[in-house]
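Structural description and commentary
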Amino acid sequence: MTDRSIHNRKDEHIHITLNEQVQGKGISTGFESYRFEHQALPEISFDSIDTSATFLKKQVKVPFLISSMTGGTPRAHEINRNLASAAEEKGWALGLGSSRVALENKTAAASFQLREEAPTIPIFANIGAVQLNYGYGSEECSQIVRLTGADAIVLHLNSMQEIFQDEGDTDFSGLLLKIAKVADALSVPVGIKEVGFGIASDTCSLLIEAGVQFIDTAGAGGTSWIEVEKYRSQNSIKQRAASAFLDWGLPTAKCVEQLSGLPKPPDCLIASGGITNGVEAAKAIALGADMAGYGRSILPEAVDSKEALLERFEQLELELRISMFGIGAQNLEALKNTDRLISQNA
Ligand SMILES: Cc1cc2nc3c(=O)[nH]c(=O)nc-3n(C[C@H](O)[C@H](O)[C@H](O)COP(=O)(O)O)c2cc1C
């Protein structure tokens, strides 16, 4: 893969996810199957609701993060600057897009170096786990962490995306052992995320056993990366095959339920994949998640400006706080332990 082609791909991903119908179809996150049972007598003051949390040993004002999206091109740099400065101001955590190109191209590297805009918040770097089969290892992961000033690195599992990508890297064999080696060698925590098809409990247990410290579901019901790659593909057979996979994946709510119920759950469980508002985030936390992540749903504001992002962040935070007020949950511990989340299917 040349720098040039990674460059093109990054801008194409932004363009397609902003302009095309890339939502999975016939599948949803599953949060709509849950309702909070209203508490008419909350017995708390709205102003005293505490949404602060700790992530990667740093304090965040809300249990929210920006899912890994982009970097590597001038347009991506602008987006990352908006994301980083808005996240810093609001006390969110920030996931960087795949930072592989940063090692290969100095100009691209600058778009991942956001500590000036975001000196205090948790930032995690990102690389495809499959790259461990294509010449990358602990040394390159450490370099990415140093270069970005990140507090952690997340390896993404994106098998289905790579298959539908014409230039995809599709050898996913033997990765668990290599992930374990990276987790062992790095001085910062290593996390794992999917990209919109979810992580099941058996896989999660293997990853925790391998030394992975946090897991981000990146479940189904939001962006489908099969759909995104369909729009980029020149291969008409693959394009037609993509239609058979419109409803592929594990819904985000299902992943959170499964993973939080494991005998040994991850130290930190992040719910993401199709989360678009603060009520869904509150439901995710009530189901056992520690943090909630927003991806494509905040991309239009990120492209627009820092101010647009700040407004959107304020709304998402307000929705979380109102949900907590509506069930009388004073803090995230109370939200996590609430018995007022009712499954409609029960
Ligand atoms: C424009 C764009 C670029 C993305 N690039 C990356 C990436 O580089 N690395 C990664 O792990 N995930 C990447 N993702 C996937 C997101 O982190 C997220 O897991 C996925 O889109 C599902 O969440 P959503 O439904 O909230 O969008 C990208 C998403 C978008 C919208």
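Residues numbered from 1 in each chain as written. Predicted model: local features only at pLDDT ≥ 70, side-chain atom pairs only at ≥ 80, totals over all residues. Heavy atoms only, no water.

The name that an unreviewed UniProt entry assigns to the protein is Isopentenyl-diphosphate delta-isomerase, with the source organism given as Terribacillus saccharophilus. According to the UniProt record, the Subcellular location (unreviewed entry) comment for the protein reads "Cytoplasm". The protein has a UniProt comment under Sequence similarities (unreviewed entry) that states "Belongs to the IPP isomerase type 2 family." (UniProt positions renumbered as here; feature names shortened; annotations may be inferred.)

Description of the sheet that holds strand 10 (residues 268–272)
Ordered in space as 4-5-6-7-8-9-10-11, the eight strands form a closed barrel in which the pairing is parallel. On average, adjacent strands in this sheet sit at an angle of 25° to one another, irrespective of strand direction. Relative to strand 11 (residues 291–294), strand 10 runs parallel, the two being bridged by three bridges. By the bridge assignment, Ala-271 is partnered in strand 11 with Ala-292. (Pairing = 2+ DSSP bridges. Helix = DSSP H or I, 4+ residues; strand = E, 2+ residues; numbered from the N terminus. Axes fitted to C-alpha atoms, helices over the stretch in contact; angles between N-to-C directions.)

Regarding empty space enclosed by the protein
By rolling a water-sized probe across the atoms, one finds the places where empty space is left. According to the stated counting rule, one finds one cavity of 30 Å³ or more in the structure shown. Residue composition of the lining of the largest cavity, by class: six nonpolar, six polar and no charged. (1 Å grid on protein atoms, 1.4 Å probe; cavity = no way out; pocket = protein on both sides within 12 Å on 5 of 7 lines; lining within 4 Å. Points joined across faces, edges and corners; volume = space filled by probe spheres on them. Nonpolar A, V, L, I, M, F, W, Y, C, P; charged D, E, K, R; others polar.)

Some thoughts on the site of the ligand
As a matter of local geometry, the ligand sits amid 21 residues, with Ser-68, Met-69, Ser-98, Thr-223 and Gly-274 nearest to it. The contact in question runs from an oxygen atom of the ligand to an N or O atom on the backbone of Arg-296, over 2.9 Å. When isolated, the ligand has an accessible area of 610 Å², and the protein chains bury 96% of it. Taking a 2 Å distance to the grid points as the criterion, the majority of the atoms of the ligand fall inside the largest pocket. Grouping the amino acids of the shell around the ligand by side-chain chemistry returns five nonpolar, 12 polar and four charged. (Near = heavy atom within 4 Å. Polar contact = N/O pair within 3.5 Å; in protein donor to acceptor, adjacent residues only side chain to side chain. Areas by Shrake-Rupley, 256 points an atom, 1.4 Å probe, with all protein chains shown as cover. Sits in = over half its atoms within 2 Å of the grid points.)

Regarding the packing of aromatic side chains
On inspection of all chains with the given rule, the structure shows 10 aromatic pairs. On the basis of an interplanar angle of 85° and a centroid distance of 5.4 Å, the ring pair of Phe-46 and Phe-325 is categorised as edge-to-face. Highlighted residues: Phe-46 in the loop between strand 1 (34–36) and strand 2 (53–55) and Phe-325 in helix 14 (residues 306–327), separated in sequence by 279 residues. Using a relative accessible area of 29% as the deciding quantity, one classes Phe-325 as partly exposed. Aromatic pair Trp-92 and Phe-313: ring centres 3.7 Å apart, planes at 10°, arrangement stacked. With a gap of 221 residues between them, Trp-92 in the loop between helix 2 (74–90) and strand 5 (93–95) and Phe-313 in helix 14 connect regions that are remote in the sequence. Owing to a relative accessible area of 0%, Trp-92 belongs among the buried residues under this scheme. (Phe/Tyr/Trp six-rings, centres within 6.5 Å; stacked < 30°, edge-to-face > 60°. Buried < 20%, exposed > 50% of the residue type's maximum accessible area, 1.4 Å probe, protein only.)

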